[in-house]
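What follows is the residue order along each chain.
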Amino acid sequence: MAETPISSGASTANGFTRNGASSRGGYESYDDAGQISRKPTFPLSRSSRQKVRRWPLAFRFIKGSIHHVIIIPVLSHTAVTSMIVYLDQERGMRLRIPSSIVPSLSIVVGLMLVFRNGTSYERFWGGRCNLQQVVTSVRNLTRSFLVCGPDDDDADRAETEKVVRALVGMLFVLKNHLRSEWTVGGISYPEYSGLLPQGLHGHEAEGVGLFLELAFVVERYIKRGVDRGAFNAPQSSMLSSQVNNLIDYYGKMETIKLTPIPVCHQIHQKQALALYCTVLPFCLVDELGWMAVPIIFLICFTLYGIEGIGEELEDPFGMDKNDIKIDAIITDCKQEVMVMLASWKKNGESYSV
């Protein structure tokens, strides 16, 4: 399989940055299906990979933008403004109201947009922090299991490997759980291959998350390690607390997923914003005339854009450009764990007590 180093305009002549890492996070290769795959060249290479921006963000209108969400209301208000200006300027109809009402509406709309965006970003940041805590717990448990777990015979080592792989599987199960992608009716996912314990039959069709079932697998391993003297009392307490942390942050991300912005707030915000953008042309037509049309377009573009950002960030666990890069983050963690597991299986010195 031929590999091509990924380079970019911001990298050095050999396609690498000053610290020796590929400027776009890996080597580009092709699998048997012809799909592009990237091999890591440094820690967190997938989650930290960023393409070099060929254009300033001010000129980006497709990828990552919210223009597709706001284009209809913006054009609708612009069309209404054009009709108001036409009737006022060309037909002599006096469609004008005092501009003194604008400041009051501006304050209300501004406060609602600030609240909506602040709340949405808090959800986004909370989801990212909770995901990192899950990754941290997986790292801690992996380290402890490989160094201190039962290691008397091949059966012990096979059991340790099974549990470590189950920890990685929990990451992918968590991702699919947050995206409502269930393993119901025999459905499975290729990313689970080699990670879930053989013979594990999920009970998601009965209302039990697969993440919780894998937590039982990990907890039972800890108990067997305590019974056999591999883990002392302080160690077992620490390991159990790490498992509790997994469940805790799993629940926090569930809360973010299942608790949207109250519908009453969404309704009133959209109505207040629509009212403001509808009343504003009547206040500007006398002073600006036809210039009110582009001015209203810019104002609506700005305000509806701010609201669109809030909607985009409300559920941060999807696959959109602006969502948390869950796939890259958990794949980087899988890479770390699998490399450590491979070294442990070769009796690496780093994992012997």
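In this text, all values refer to a predicted model and were calculated from it rather than measured experimentally. (Residues numbered from 1 in each chain as written. Predicted model: local features only at pLDDT ≥ 70, side-chain atom pairs only at ≥ 80, totals over all residues. Heavy atoms only, no water.)

## Some details on the overall build of the protein
Along the protein, the regular secondary structure elements total eight helices and three strands. Secondary structure elements in the protein, listed N-terminal to C-terminal, are β-β-β-α-α-α-α-α-α-α-α. Long-range contacts, defined as pairs at least 24 residues apart, comprise 69% of the intrachain contacts of the protein with a sequence gap of at least 6. A total accessible area of about 19700 Å² is found for the protein, and carbon and sulfur atoms account for 59% of it. (Helix = DSSP H or I, 4+ residues; strand = E, 2+ residues; numbered from the N terminus. Contact = heavy atoms within 4.5 Å. Areas by Shrake-Rupley, 256 points an atom, 1.4 Å probe, with all protein chains shown as cover.)

## What to know about unusual backbone geometry
Positive phi values are uncommon outside glycine, yet Ser180 reaches one of about 60°. Within the secondary structure, Ser180 sits in the loop between helix H3 (154-178) and helix H4 (210-227).

## Side note on the packing of aromatic side chains
On inspection of all chains with the given rule, the structure shows seven aromatic pairs. Ring centres of Phe145 and Phe231 lie 6.3 Å apart, and the angle between their planes is 40°; this geometry places the pair in the tilted category. Placement of the pair is Phe145 in helix H2 (residues 102-148) and Phe231 in the loop between H4 and helix H5 (233-258), with a sequence separation of 86 residues. Their ring planes at 5° and their centres at 4.4 Å tell us that Phe211 and Tyr250 sit as a pair that is stacked. Residue Phe211 is located in helix H4, and its partner Tyr250 is located in helix H5; the two are separated by 39 residues in the primary sequence. Across the pair, exposure class does not vary: Phe211 and Tyr250 are buried alike. Following the ring pairs from residue to residue traces out a cluster consisting of Phe145, Tyr221 and Phe231. Over the aromatic face of Trp344 sits the side chain of Arg157, whose NZ or CZ is 4.4 Å from the ring centroid. (Phe/Tyr/Trp six-rings, centres within 6.5 Å; stacked < 30°, edge-to-face > 60°. Buried < 20%, exposed > 50% of the residue type's maximum accessible area, 1.4 Å probe, protein only. Lys NZ or Arg CZ within 6 Å of the ring centre and 35° of its normal.)

## Some words on the environment of Ser241
Note on placement: Ser241 falls in helix H5. With a relative accessible area of 30%, Ser241 lands in the partly exposed category. Along the sequence, Ser241 and Ser137 sit 104 residues apart, while their C-alpha atoms lie 9.3 Å from each other.

## A word on the confidence of the model for the protein
When the pLDDT values of the protein are averaged, the result is 83; 85% of them are 70 or greater. In the model of the protein, strand S1 (residues 3-5) stands out as the element of lowest mean pLDDT, 39, in contrast to H5, which has the highest, 94. Confidence over residues 1-36 falls short of pLDDT 50; this stretch has 66 contacts with residues more than four positions distant or in other chains. (pLDDT = per-residue confidence, 0-100.)

## Focus on the nonpolar core
Soluble, globular proteins show a tendency: their nonpolar side chains are buried together. Core analysis: the largest hydrophobic core is formed by 47 residues, its most contacted members being Leu131, Phe145, Leu167, Met170, Leu174, Val218 and Leu246. Sorting the residues of this core by element identifies H2, H3, H4, H5 and helix H8 (326-345) as the ones contributing at least two each. Top element by residues in this core is H3. It accounts for eleven residues. Excluding residues that lie within four positions of it along the chain, Leu246 makes contacts with Val134, Ser137, Val138, Leu141, Leu167, Met170 and Phe211. Grouped together as the second largest cluster of nonpolar side chains are 21 residues, Ile70, Val109, Tyr276 and Leu280 included. (Core = buried A, V, L, I, M, F, W, Y, C linked by side-chain atoms within 4.5 Å.)

## Quick notes on helix H1 (residues 67-89)
Across its 23 residues, H1 extends 31 Å between first and last C-alpha, which sits within 8% of the 33 Å expected from 1.5 Å per residue. Buried residues of H1: His67, Ile70, Val74, His77, Thr78, Thr81, Ile84, Val85 and Asp88, and no others. Lining the buried residues of H1 we find helix H6 (263-288) and helix H7 (292-314). (Expected span 1.5 Å × (residues − 1).)

## Focus on the packing of H2 against H3
In contact at an axis separation of 10 Å, H2 and H3 are set at 175° when each is read in the N-to-C sense. Between H2 and H3, the angle is such that the two are roughly antiparallel. Together, Leu131, Val134, Val135, Val138, Leu141, Thr142, Phe145 and Leu146 of H2 and Thr160, Val163, Val164, Leu167, Leu171 and Leu174 of H3 make up the contact between the two elements. For the contact of H2 with H3, the residue count by class is twelve nonpolar, two polar and no charged. (Axes fitted to C-alpha atoms, helices over the stretch in contact; angles between N-to-C directions. Parallel < 35°, antiparallel > 145°, perpendicular 65-115°, else oblique. Nonpolar A, V, L, I, M, F, W, Y, C, P; charged D, E, K, R; others polar.)

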